[in-house]
Amino acid sequence: KKWKMKDKRIPEYYIGKYHKYEARKVVEDFELSYNIGTAVTYLLRAERKHKTPIECITKAIAHLEFELEKIKRS
C-alpha cells in the first residue's frame with residue numbers, strides 16, 4: 001500500500017475523522033452544483049471549525065437559498 005503524504009493545503013476540519021474522506025472529493029464524487037457542494041462542505045465542517053456550528057450552518061442555508069433561487073429562475 002502506498003504511503004500518502006498529507007496535503008497541507010487541506011485543513012483538518014475538511015477531512016473526515018474515521019475514513020479520512022475530503023469534503024471536496026465527496027462533492028466531486030456526487031457531481032454537486034457549486035451552491036449545493038458549498039453547502040455540503042459547510043455542513044461537514046460545522047462542528048469542527050468554530051466554537052459553535054452557527055456560522056457554518058448559516059452559510060450553508062444561504063447557499064441552499066441561492067440554489068433554490070437559481071432553480072426557480074430556470
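Above this text is the structure in question.
This section reports on the structure supplied with the text.

Here is what the cut-offs are and how they apply
Residues numbered from 1 in each chain as written. Predicted model: local features only at pLDDT ≥ 70, side-chain atom pairs only at ≥ 80, totals over all residues. Heavy atoms only, no water. Helix = DSSP H or I, 4+ residues; strand = E, 2+ residues; numbered from the N terminus. Rg over C-alpha atoms; globule rule 2.2 N^0.38 Å. Buried < 20%, exposed > 50% of the residue type's maximum accessible area, 1.4 Å probe, protein only. Contact = heavy atoms within 4.5 Å. Areas by Shrake-Rupley, 256 points an atom, 1.4 Å probe, with all protein chains shown as cover. Lys, Arg positive; Asp, Glu negative; His and termini not counted. Charge placed at Lys NZ, Arg CZ, Asp CG, Glu CD. Expected span 1.5 Å × (residues − 1). Arc of directions from axis to C-beta. Core = buried A, V, L, I, M, F, W, Y, C linked by side-chain atoms within 4.5 Å. Salt bridge = Lys/Arg side-chain N within 4 Å of Asp/Glu carboxyl O.

### Describing the overall build of the protein
On a plain count of helices and strands, the protein comes out with 3 helices and 0 strands. The N-to-C order of helical and strand elements in the protein reads α-α-α. Expected size for 74 residues packed as a compact globule is a radius of gyration near 11 Å; at 14 Å, the protein overshoots this value by more than 25%. C-alpha extents for the protein along the principal axes are approximately 50 × 30 × 20 Å. When each of the 74 residues of the protein is scored for burial, the buried share is 23%. The contacts in the protein between residues at least 6 apart in sequence include a share of 41% that link residues at least 24 apart. Accessible surface, the protein as shown: approximately 6500 Å² in total, 59% of it carbon and sulfur. Counting 18 positive and 11 negative side-chain charges, the protein places the averaged centre of each group 7 Å from the other.

### Let's talk about the environment of His19
Following the sequence through the fold, His19 ends up in the segment before helix H1 (23-29). For His19, a relative accessible area of 60% translates into the label exposed. Along the sequence, His19 and Asn35 sit 16 residues apart, while their C-alpha atoms lie 25 Å from each other.

### Here we look at helix H2 (residues 34-45)
In an α-helix, one turn spans 3.6 residues, which is why side chains three or four residues apart end up on the same side. Given a rise of 1.5 Å per residue, 12 residues ought to cover 16 Å, and the 17 Å separating the end C-alpha atoms of H2 matches this to within 8%. Buried within H2 are the following residues: Asn35, Gly37, Thr38, Ala39, Thr41, Tyr42 and Arg45. Buried residues along H2 sit against H1 and helix H3 (54-73).

### Quick look at H3
When the terminal C-alpha atoms of H3 are compared, their 29 Å separation across 20 residues agrees well with the 28 Å that a helix rising 1.5 Å per residue should span. Among the residues of H3, those classed as buried are Cys56, Ala60, His63 and Glu67. The buried residues of H3 occupy one face: seen down the axis, they fall within an arc of 65°. In H3, the exposed residues that point more than 90 degrees away from the buried face are Ile54, Lys72 and Arg73. Along its buried surface, H3 packs onto H2.

### A short note on the nonpolar core
Ranked by size, the top nonpolar core spans 5 residues in total: Ala39, Tyr42, Ala46, Cys56 and Ala60. Mapped by element, the contributors of at least two residues to this core are H2 and H3. When sequence neighbours within four positions are dropped, the list of residues in contact with Ala39 reads Ala60, His63 and Leu64.

### Thoughts on the pattern of salt bridges
Taken as a whole and judged by the stated rule, the model has 5 salt bridges. Linking Arg9 and Asp7 is a salt bridge whose minimum nitrogen-to-oxygen distance equals 2.7 Å. Here Glu22 ties to Lys25 by a salt bridge, and the two come within 3.6 Å at their closest N and O atoms. Note on Glu22: relative accessible area 14%, which makes it buried.

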